[in-house]
Amino acid sequence: MAKQPFLSKDYVAFALIKAKSKIFNENFVTQSELNQFILFMQKEFNKRNLGVVITHTLYIGNFNVNSVISITDKCYIDLNRLPDEIYNILTDESLILQFFILYETKRLELLNKLEY
């Protein structure tokens, strides 16, 4: 069991934005991307029996929330403060790449259905 049963959505959003910045050179995420990433990570926590539940609220002091979500200059999030098991999952490059492949595949399937 993890040392903390609740994981702030802030940490998940922060991890996703950092990963997206590294992979795509984009410093933002959409609400849709974040929601899908939360579901993906929650399934991973459940699969590993960590007893972690991701909360549903972003702290506005950490993020700019408009049409996209980005990190503010005043963001205090430090992933290193998380328990090792959670940190390792949120920063696992292979797992994050798997998420992006699944997410983009779903988007492509949707576009293919809309083709004329």
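Residues numbered from 1 in each chain as written. Predicted model: local features only at pLDDT ≥ 70, side-chain atom pairs only at ≥ 80, totals over all residues. Heavy atoms only, no water.

1. Here's the deal with the overall build of the protein
Helix and strand counts for the protein come out as 4 helices and 4 strands. The helix and strand sequence of the protein, counted from the amino end, reads β-α-α-β-β-β-α-α. Computed over C-alpha atoms, the radius of gyration of the protein comes to 15 Å, within 12% of the 13 Å expected from 2.2 N^0.38 for 116 residues, which places it in the range of a compact globule. When the backbone C-alpha atoms are referred to their principal axes, the protein occupies close to 50 × 35 × 25 Å. The proportion of buried residues among the 116 residues of the protein is 39%. Put simply, 68% of the contacts in the protein that link residues at least 6 apart link residues at least 24 apart. Of the roughly 7500 Å² of accessible surface on the protein, a fraction of 54% belongs to carbon and sulfur atoms. Positive and negative side-chain charges in the protein, numbering 13 and 13 respectively, have mean positions lying 3 Å apart. (Helix = DSSP H or I, 4+ residues; strand = E, 2+ residues; numbered from the N terminus. Rg over C-alpha atoms; globule rule 2.2 N^0.38 Å. Buried < 20%, exposed > 50% of the residue type's maximum accessible area, 1.4 Å probe, protein only. Contact = heavy atoms within 4.5 Å. Areas by Shrake-Rupley, 256 points an atom, 1.4 Å probe, with all protein chains shown as cover. Lys, Arg positive; Asp, Glu negative; His and termini not counted. Charge placed at Lys NZ, Arg CZ, Asp CG, Glu CD.)

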